[in-house]
Amino acid sequence: MWVVLAALLMSTGGLFIKMSPWNGFSINGARCFFAVLVVGIYLIVTKHPLKFNRWILLGSICVSGTCLLYSVANTLTTAANAVVLQFTAPVFVMVLSAIFWKRRPTKLQMVSCAVVIVGVVFFFLDSLSAGNMLGNLLALCAGLTYAGVFLLDDLPDADPISSVFFANILSAVVGLPFVFRETDFGMAAWASVILLGVFQVGLAYVFMCKGLKNTPAVTASLITGIEPILNPTLVAIVFHETIGTLALFGAVIVVSTVLIYNVCSARQTT
């Protein structure tokens with residue numbers, strides 16, 4: 001449920017980014033500044049000790065990279081393109097787990113990932129080729145770094161919430177100089193980055209870290225199949241980016257597969 005809540009909050013990213021008049025670097029720097037405050041308050045309230053080592057640094061780079069790449073990609077291509085290419089993460093999770101942890105994916109995991117990817121392809125089949133090539137490439141790279149986010153809890157001496165805290169500091173330091181070059185500081189600009197920072201990044205990653213304590217990485221990455229459905233749907237409702245018949249068919253495939261996978265996985269462990 002924590003991962004589901006995280007996915008729901010993350011799915012607002014495309015909508016709020018499209019609302020902002022700023023460039024991707026500015027948006028990411030400002031939202032991560034507010035996210036630092038949220039995660040910092042969580043650390044203080046829960047009295048969670050802040051840790052740092054090379055594995056936490058690696059996790060920070062993954063989280064920071066995902067935030068930056070996705071933010072910039074969303075300003076260069078459609079919300080649908082950005083999220084579908086980022087959602088290659090489950091495949092990267094399985095590959096990285098096999099390479100570094102020698103974990104052979106189960107048949108259920110391989111079939112579920114394959115079906116989810118097919119569903120996502122259907123969801124964006126008619127829009128993928130229309131997107132900006134650089135934006136699409138950055139979103140695909142975000143899929144790789146996003147896979148690292150799901151593996152945060154598997155790293156030696158890892159502390160996911162510490163990785164998230166330092167990641168947001170890194171992103172804020174990199175992005176805030178771009179904010180000072182912006183010229184539009186109206187209500188829409190500030191409202192979008194505050195909402196992004198507090199909910200779409202700050203609380204979302206707090207929930208994700210809590211969920212990863214009891215949820216396998218592949219399972220968590222599959223559960224976030226909610227995001228590529230809700231994200232472009234919200235953008236379509238507000239900004240009238242259309243969703244066709246194939247997209248609806250893909251939505252059914254993704255949601256159904258995630259639900260079936262979790263039911264089957266739960267039965268196997270009982």
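Quick caveat: nothing in here was measured; it's all calculated off a predicted structure.

*Asks:* How would you sum up the overall build of the chain? Please name residues and give values.
*Replies:* Scanning the chain from N- to C-terminus turns up 13 helices and zero strands. When the helices and strands of the chain are listed from N to C terminus, the series reads α-α-α-α-α-α-α-α-α-α-α-α-α. In terms of overall size, the chain behaves like a compact globule, its C-alpha atoms giving a radius of gyration of 18 Å where 270 residues would be expected to give roughly 18 Å. Along the first, second and third principal axes, the C-alpha set of the chain runs to 55 × 50 × 30 Å. Taking all 270 residues of the chain together, the buried fraction comes to 52%. Considering only contacts within the chain whose residues lie at least 6 apart along the sequence, 92% involve residues at least 24 apart. When the accessible surface of the chain is summed, it comes to about 12300 Å², and 73% of that surface belongs to carbon and sulfur atoms. Measuring between centres, the 13 positive side-chain charges of the chain sit 12 Å from its 9 negative side-chain charges.

*Asks:* Report on the side chain of Asn28, specifying residues and quantitative values.
*Replies:* Relative to the assigned elements, Asn28 resides in helix H3 (residues 24-46). Note on Asn28: relative accessible area 1%, which makes it buried. Here Arg31 takes part through its side chain, which lies 3.0 Å from a polar atom of the side chain of Asn28. The residues contacting Asn28, other than those within four sequence positions of it, are Cys67, Leu68, Ser71 and Ser171.

*Asks:* Explain the state of the cysteines residue by residue, including any values.
*Replies:* As used in these notes, a disulfide is a covalent bond between sulfur atoms, one from each of two cysteines. Tallying each qualifying case throughout the model produces zero disulfides. Of all cysteine sulfurs, the one in Cys62 lies closest to Cys141, which takes part in no disulfide; the gap is 13 Å. Cys141 gets classed as partly exposed once you look at its relative accessible area, which sits at 34%. Of all cysteine sulfurs, the one in Cys113 lies closest to Cys264, which takes part in no disulfide; the gap is 14 Å.

*Asks:* Which residues make up empty space enclosed by the protein, and what are the values?
*Replies:* Unfilled space is identified by rolling a water-sized probe across the atoms. Inspection of the entire model under this criterion finds one cavity of 30 Å³ or more. The computed volume of the largest cavity comes to approximately 100 Å³. Of all the secondary structure elements, the ones that give two or more residues to the lining of the largest cavity are helix H4 (54-76) and helix H10 (187-212). Taken together, the residues of the lining of the largest cavity sort by class into six nonpolar, three polar and two charged.

Definitions and limits used
Residues numbered from 1 in each chain as written. Predicted model: local features only at pLDDT ≥ 70, side-chain atom pairs only at ≥ 80, totals over all residues. Heavy atoms only, no water. Helix = DSSP H or I, 4+ residues; strand = E, 2+ residues; numbered from the N terminus. Rg over C-alpha atoms; globule rule 2.2 N^0.38 Å. Buried < 20%, exposed > 50% of the residue type's maximum accessible area, 1.4 Å probe, protein only. Contact = heavy atoms within 4.5 Å. Areas by Shrake-Rupley, 256 points an atom, 1.4 Å probe, with all protein chains shown as cover. Lys, Arg positive; Asp, Glu negative; His and termini not counted. Charge placed at Lys NZ, Arg CZ, Asp CG, Glu CD. Polar contact = N/O pair within 3.5 Å; in protein donor to acceptor, adjacent residues only side chain to side chain. Disulfide = S-S within 2.5 Å. 1 Å grid on protein atoms, 1.4 Å probe; cavity = no way out; pocket = protein on both sides within 12 Å on 5 of 7 lines; lining within 4 Å. Points joined across faces, edges and corners; volume = space filled by probe spheres on them. Nonpolar A, V, L, I, M, F, W, Y, C, P; charged D, E, K, R; others polar.

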